[in-house]
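# Analysis of the macromolecular model
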2 protein chains.
Amino acid sequence: MKELEFVKYLTRKFRAKRPVVKGIGDDCAVLDYTRDKYMLLTSDMIAEGTHFTKGALPFDIGWKAMAVNISDIASMGGVPKYALVSLGVSPGRGIAFLKGITKGIRSICSRFDIEVIGGDTNRAGKTVLSIALLGEVEKPCLVKRDGAKPGDFLFVTGVIGEGKKKHMKFMPRLLEARELAKNFRINSMIDLSDGLGLDLQRLTGASSVGARIYKELIPLSKGAGRVKDAIYRGEDFELLFSASPKESKKIVRRRGKRHGLSLTLIGEIVKNRGVWLIGKEGKGTRLEPGGYEHFK
Amino acid sequence: MKELEFVKYLTRKFRAKRPVVKGIGDDCAVLDYTRDKYMLLTSDMIAEGTHFTKGALPFDIGWKAMAVNISDIASMGGVPKYALVSLGVSPGRGIAFLKGITKGIRSICSRFDIEVIGGDTNRAGKTVLSIALLGEVEKPCLVKRDGAKPGDFLFVTGVIGEGKKKHMKFMPRLLEARELAKNFRINSMIDLSDGLGLDLQRLTGASSVGARIYKELIPLSKGAGRVKDAIYRGEDFELLFSASPKESKKIVRRRGKRHGLSLTLIGEIVKNRGVWLIGKEGKGTRLEPGGYEHFK
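The number of helices and strands found in chain A is 8 helices and 13 strands. The C-alpha radius of gyration computed for chain A amounts to 19 Å, which stays within 12% of the reference 19 Å derived for 296 residues, consistent with globular compactness. Overall size of chain A, expressed as C-alpha extent along the three principal axes, is 55 × 45 × 45 Å. Residues classed as buried in chain A amount to 59% of the 296 residues present. Long-range contacts, defined here as pairs at least 24 residues apart, represent 83% of the contacts in chain A between residues at least 6 apart. On chain A, roughly 12200 Å² of surface is accessible, and the fraction owed to carbon and sulfur atoms is 50%. Taken together, the 53 basic and 33 acidic charged side chains of chain A have centroids lying 2 Å from each other.

In this section: the relation of the copies chain A and chain B. Overlaying chain A on chain B yields an RMSD of 0.0 Å, the required transformation being a rotation through 180° with an accompanying axial translation of 0.0 Å. Taken together, the rotation and translation describe the operation of a two-fold axis. When the interface residues of chain A are mapped onto chain B, 100% of them again lie at the interface, so the same face is used by both copies.

So, on to the packing of aromatic side chains. How two aromatic rings sit relative to each other is set out by the distance from centre to centre and by the angle between their planes. Residue and element names in this part refer to chain B. Taken as a whole and judged by the stated rule, the model has 6 aromatic pairs over all chains. Pairing phenylalanine 59 with tryptophan 63 gives two aromatic rings, centres 6.4 Å apart and planes at 25°, and the pair type is stacked. With a gap of 4 residues between them, phenylalanine 59 and tryptophan 63 both fall in helix H2 (residues 58-74), about one helical turn apart. Exposure remark for phenylalanine 59: the relative accessible area of 27% places this residue in the partly exposed category.

Okay, the sheet that holds strand S7 (residues 153-157) of chain A next. All names here are of chain A. If you trace the 7 strands from one edge of the open sheet to the other, you get S8-S10-S7-S11-S9-S12-S13, paired in mixed fashion. On the outer flanks of this sheet lie strand S8 (188-191) and strand S13 (284-287), each paired with one strand and no other. Strand-to-strand twist of the sheet, defined as the mean angle between neighbouring strand axes without regard to direction, takes the value 25°. Bridge count for strand S9 (residues 210-214) against strand S12 (residues 274-278) is 5 bridges, and the pairing is parallel. Each residue of the ladder has a partner; that of arginine 212, found in S12, is tryptophan 276. Each of S7, strand S10 (239-243) and strand S11 (263-270) touches helix H8 (residues 245-254); the most contacted strand, S10, lies at about 125° to it.

The rules behind each value
Residue indices begin from 1 for each chain and proceed along its sequence in written order. Here the convention is simple: chains get letters from A, ligands get numbers from 1, in the order in which they are written. Given that the model is predicted, a residue must reach a pLDDT of at least 70 before its local features are reported, and side-chain atom pairs must reach 80 or more before they are shown or counted; all residues, however, enter totals for whole chains, interfaces and linings. Heavy atoms from the whole structure form the basis of all side-chain values; hydrogens and water molecules are not counted. The way it works is that DSSP assigns letters per residue, a run of H or I at least four long becomes a helix, a run of E at least two long becomes a strand, and they are numbered from the N terminus. Based on C-alpha atoms, the radius of gyration is set beside the globule rule, defined as 2.2 Å times the residue count to the power 0.38. Throughout, exposure labels follow a simple rule: accessible area from a 1.4 Å probe, protein chains only, divided by the maximum for the residue type, with under 20% read as buried, over 50% as exposed, and the rest as partly exposed. Should any heavy atoms of two residues lie within 4.5 Å, those residues are counted as being in contact. Accessible surface is estimated by sampling points in the Shrake-Rupley manner with a 1.4 Å probe; for residues, cover comes only from the protein chains shown. For the charge count, each Lys or Arg is scored as positive and each Asp or Glu as negative, with His and the chain ends excluded. Charge positions come from single atoms, namely NZ of Lys, CZ of Arg, CG of Asp or CD of Glu. The copies were overlaid with a least-squares fit restricted to C-alpha atoms from residues scoring a pLDDT of at least 70 in each copy. Between rings of Phe, Tyr and Trp, where Trp is taken as its six-membered ring, a pair exists when centres lie within 6.5 Å; planes separated by under 30 degrees are stacked, by over 60 edge-to-face, and by other angles tilted. Strand pairing is assigned whenever DSSP detects at least two bridges linking the two strands. Axes here mean lines fitted to C-alpha atoms, for a helix over just the part in contact, with angles spanning 0 to 180 degrees between N-to-C directions.

Put into C-alpha cells, the structure is as follows:
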C-alpha cells in the first residue's frame, strides 16, 4: 500500500464532523476557531535514516523538523503560533546533541515568532523528532488544496529539483504564502514536500481536476538534471498554487515590484483528470502518481 | 542530564508569553481559548523498545499512544477533542500492522469521542508513534500541578505498582478526573506516568511544597511487591491529586455513592520541601527524585 492509498484509507476511517472544517487530506487540519479565524493544526515527524543522516548536525535536525511544519501552515495561508515537540533519541546521544536540536528549534522559532509550549523527550532506537504546530488564518485567507478550478493558472515559487542539496536548512515559504493569501484570491495551494510530480497529483486529485504543466516553463535549480528527475525529487518545500486567469494577471503584474516574490507560471488546470507534462513540440506525457513514497 | 533537568533547561529556553497560560512544565500546555474555556495541548511519543516491545500487538500500540495523551488531558481536568497522529514504521512492517495500529486508535477514540484530524506516516528505523492531542476545559475546572498547598490531603485513584502488567491496554482516568474537576476544588493534579515516586516530586516541585505519604495507606496492586519498588515503577497512569481538608471531606463523603470513584487518601502536603515516605512506626525516609528516567 502506497502512502497515497494509506492516506485514503485513513480519510475514510476518520471522517471529520463539525466544527472540523477540514480533516485528513490537506496540509493542515482546519478547525472553526473564532468568528474571524480558523485554527490550523499539523504534525510532521522526521526520522534518522529517512529525512536526515546519522551524521546530520543536531541544529539542522531541529531546524528542519520545525521548518516542514511551518511549510504546512504556510501552504494553507496561515501563520504558525504554538508548537509541541516530541523527541526520541538513542541512549548513545549526549547532551550536546539534545542542546543542538533545541538551538535549531529556537533559531527558526524566533525567526517566525513561534512559541514552543510543550512536548516530551524519550529514549528511542534512532533519533526521531515529531512536531505538532498550531497556527491560525483569517477566514477569507484560508487556502486549501481542493479548490483548483479548470482554467486556473499554476505557479511555483523558487526553483525545483534542489531538494537534496538544501533540504536540511531550507527556509519555509511563509512570508511568500502570506503575501499571496492576503492580497490575492488563491484557489488552491500545497507545499512541495514530495516533489512537484506527486504533489501536483495530490492537488488535482483533491480538486477533482487535471493539469498540464510545460517542460520549458519549469524553473529548475542548478544541477537539477532532467525535468522528469527533478519533479520526482522530494523536499523542495516550494509552494505550488493555482489562481484564476484574472487573478493570475494581478499576481504577475504586482510580483517582484514590491514584494520580490519569485514566482513562475508553469501550467494550467484542466477539467479532465490526469496530469500531463507537455514538451517542446506540444507532445504530452502523462505523469503517473510518483514522487517520494514513504511506503514503497 | 536526567529528564527532569532537561525539562528545566527547556522551560528556561522556551519561556511562555501570553496568551499562553501555562507552557512547558505541566501535563498539558494551556492556551487562553474562548471566554469560558482554555485549550489544552499535549503530545507524547511512544517508541519500540522503550514503551512497547517489538512483538507488541499493533492494536495495543495504537491504543496506548492515544491513552497516554488522554491521561495528560484528564490530569488537567479537561476533555480531549482532536488528535494528530504521526507514525514512523520500519520498512519491514506490513499493511496489517498499520491497520492494527489504526484500529487501536479508532477504538479508544470512539470510546472517548475524539476525532483524528490529521497526521503523517513515515519510514523509520523502529516503530514510533507520536500523538498530539487537543482538548478543552471550562476555566473553573482547570487543574494544574503547581497548585498544591500545605495542609492539602493527597489522593490517588486505583492501585499502584501494576504498571508493567496492564500498561499497554490501560484505561485513562478521564471520567474520574472530570468528575473530580467538575464537582470539587482540586488544588493540584498529575497523572502517574513515571511512578508515584517521581510524579509526586514533580507535583511538589512545581508547587514549591513538600509531601508526606504513608506506606500503610498506599493501595498496592496484587503482586506489586514492596512499596518502595512499586512507587518507582512507571506507567500506572492513575491520578495523583491534592485538595484542602474541607474539600477532601466532601470528596470522601460523596465518593462511591453515586460515581464509584476508587480513591485512596495516601498523605498530605507540607510546607517544607522534600518528599517523605512514612513507615509503620512513624519513621520517615526521604525519597530522592527517581522513577522511570528516560535519560539515565
